[in-house]
Amino acid sequence: RYLDPKNDLIFKRVFGEHPNITISFLNALLPLEVGNEIISIEYMQTELVPEKPHLTKNSIVDVRCKDLVGRQFIVEMQMIWADTFKDRVLFNASKTFVRQLQKTEDYIKLKTVFALSLIDDIFEKESQESYHHYKLTNQIDLTKTIDGLQLIFVELPKYKLKNLNDKKLNILWLRYLTEMDKLMDMQKANIPLPEEILQAIELTHESNYTPEQLAAYDKYIDAIRTEKTLIAEAEARGEARGEAKGEARGEAKGVRQTAKNFKTLGLLTNQQIADATGLTLAEVEAL
């Protein structure tokens, strides 16, 4: 059996332990100019110690690395979208950018930080675009940019909706994350695939993992399912509350119970729970 590479355990094994795979992946998905591709990387500590202790949960990323010229790359696989996620990505990228310099060093040593976020959810429902690239741009002359921070968000489900026959490297990597079966079909048809993708496919085979790791894999899947169910319930309650104001008290009780369930799971911050349930941050903290 081949495991889902989007699962936390598999994603970190594939992209957090094999530099050659990560280099191919980043070169394919990042907006790098020709001639400025990544040649070599070294992995870095993934946890960014926050200035405020309550932000610790939001400061852990999946993969952090830097290349030979000092550019740093933050890679995250996010299974569920929350409105605060962009702020968290900007927070982590900004902190990484600032911490490049020692007190006596000059600003000229600052290098670009790229934050690549792969989202297994659709958050731009009005747009068909799945690739969202942000950087500082002059609002009058769009050719003038400040490249210190570049944020890239990819909505993976939008690729599932397309019948892609493209064999470009970026498409192959997205297919690896979303449509492994199509890559396997390409193999059976003797269509050559890059060595790094073949290696990544092999790393998803369950024979490479211990029973304990497979149990953690299943537990993660179950936790994501539970979280999605709770979010769907909260959204359904919110819609019902808008349609039937007379049931407001009962709905409020149900939303608070959902918020308590979120806190019990420990997968979301208080702010994310507030966003998902419609409660205020103070109400969530008081539960």
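The coordinates are above.
In this report, the structure presented in the accompanying data block is examined. This one's a predicted model, so the numbers in the text were calculated from it and none came from an experiment.

**What to know about the overall build of the protein**
Next, step 1: Per the secondary structure count, the protein includes 11 helices and 6 strands.
Next, step 2: Counting the 287 residues in the protein, one finds 43% classified as buried.
Next, step 3: Long-range pairs, those at least 24 residues apart, make up 60% of the contacts in the protein with a sequence separation of at least 6.
Next, step 4: For the protein, the exposed surface amounts to about 15900 Å²; the carbon and sulfur share of it is 52%.

**Notes on the packing of helix 2 (residues 19-29) against helix 5 (residues 169-178)**
Next, step 1: At a closest axis distance of 8 Å, the pairing of helix 2 and helix 5 adopts a crossing angle of 115°. Here helix 2 runs over helix 5; the crossing is left-handed. Together, Ile 21, Ser 24, Phe 25, Ala 28 and Leu 29 of helix 2 and Leu 169, Asn 170, Trp 173, Leu 174 and Leu 177 of helix 5 make up the contact between the two elements.
Next, step 2: Grouping the constituent residues of the contact of helix 2 with helix 5 by class yields 8 nonpolar, 2 polar and no charged.

**Re the pattern of salt bridges**
Next, step 1: Under the defined criterion, the tally for this structure stands at 12 salt bridges.
Next, step 2: Glu 17 is the salt-bridge partner of Arg 13, the closest N and O atoms lying 3.7 Å from each other.
Next, step 3: Looking at Arg 13, the relative accessible area reads 17%, which means it is buried.
Next, step 4: The class for Glu 17 is partly exposed, based on a relative accessible area of 49%.
Next, step 5: Among the salt bridges present, the one from Glu 124 reaches Lys 86, with a minimum N-O distance of 3.6 Å. Here Glu 124, found in the loop between strand 4 (113-119) and strand 5 (131-137), pairs with Lys 86, found in helix 3 (residues 85-98); they are 38 residues apart in sequence, far enough to count as distant.

**Here we look at the nonpolar core**
Next, step 1: Within the largest apolar cluster, 59 residues are counted, with the highest numbers of intra-cluster contacts made by Phe 15, Phe 25, Leu 116, Leu 118 and Tyr 176.
Next, step 2: When neighbours within four sequence positions are excluded, Leu 116 is seen to be in contact with Phe 25, Leu 26, Leu 29, Leu 30, Ile 74, Val 75, Glu 76, Ile 152 and Val 154.
Next, step 3: Within the second largest apolar cluster, 13 residues are counted, among which are Val 113, Phe 123, Leu 149 and Leu 151.

**Looking at helix 2**
Next, step 1: Buried residues dominate helix 2, accounting for 8 of its 11 residues.
Next, step 2: Every buried residue belonging to helix 2 is among Ile 21, Thr 22, Ile 23, Ser 24, Phe 25, Leu 26, Ala 28 and Leu 29, and all of these are buried.

**Focus: the sheet that holds strand 5**
Next, step 1: Taken in spatial order, the 6 strands make up an open sheet running 1-2-3-4-6-5, and their pairing is mixed. In this open sheet, the two strands that pair with only one neighbour each are strand 1 (41-43) and strand 5. When strand polarity is set aside, the average angle formed by the axes of neighbouring strands in this sheet is 20°.
Next, step 2: Pairing of strand 2 (residues 63-67) with strand 3 (residues 72-78) involves 4 bridges; the strand directions are antiparallel. Residue pairing across strands places Lys 66 opposite Gln 72, the latter belonging to strand 3.
Next, step 3: On the sheet, helix 1 (residues 8-16) packs against strand 1, strand 2, strand 3 and strand 4 and is oriented at approximately 10° with respect to strand 2.
Next, step 4: Relative to the sheet, helix 3 contacts strand 2, strand 3, strand 4, strand 5 and strand 6 (145-155), its axis offset from that of strand 6 by approximately 140°.

**Things to note about unusual backbone geometry**
Next, step 1: Even without being glycine, Asn 190 reaches a positive phi, approximately 60°.
Next, step 2: Relative to the helices and strands, Asn 190 resides in the loop between helix 6 (180-188) and helix 7 (195-203).

**Observations regarding the packing of aromatic side chains**
Next, step 1: In this structure the tally under the stated criterion is 13 aromatic pairs.
Next, step 2: Between Phe 15 and Phe 25 the ring centres are 4.3 Å apart and the planes differ by 40°, which places this aromatic pair in the tilted class. Here the residue Phe 15 occupies a position in helix 1, and Phe 25 occupies one in helix 2, the gap between them amounting to 10 residues. Grouping residues by exposure puts Phe 15 and Phe 25 together as buried.
Next, step 3: When the centroid spacing of 6.4 Å and the interplanar angle of 75° are considered together, the rings of Phe 85 and Phe 153 count as edge-to-face. Here Phe 85, found in helix 3, pairs with Phe 153, found in strand 6; they are 68 residues apart in sequence, far enough to count as distant. Each member of the pair, Phe 85 as well as Phe 153, carries the same accessibility label: buried.
Next, step 4: In this arrangement the basic side chain of Lys 86 is found over the ring face of Phe 153, its NZ or CZ atom lying 5.9 Å from the centre.

Thresholds, definitions, all that
- Residues numbered from 1 in each chain as written.
- Predicted model: local features only at pLDDT ≥ 70, side-chain atom pairs only at ≥ 80, totals over all residues.
- Heavy atoms only, no water.
- Helix = DSSP H or I, 4+ residues; strand = E, 2+ residues; numbered from the N terminus.
- Buried < 20%, exposed > 50% of the residue type's maximum accessible area, 1.4 Å probe, protein only.
- Contact = heavy atoms within 4.5 Å.
- Areas by Shrake-Rupley, 256 points an atom, 1.4 Å probe, with all protein chains shown as cover.
- Axes fitted to C-alpha atoms, helices over the stretch in contact; angles between N-to-C directions.
- Left-handed = near helix turned anticlockwise from the far one by under 90°.
- Nonpolar A, V, L, I, M, F, W, Y, C, P; charged D, E, K, R; others polar.
- Salt bridge = Lys/Arg side-chain N within 4 Å of Asp/Glu carboxyl O.
- Core = buried A, V, L, I, M, F, W, Y, C linked by side-chain atoms within 4.5 Å.
- Pairing = 2+ DSSP bridges.
- Phe/Tyr/Trp six-rings, centres within 6.5 Å; stacked < 30°, edge-to-face > 60°.
- Lys NZ or Arg CZ within 6 Å of the ring centre and 35° of its normal.

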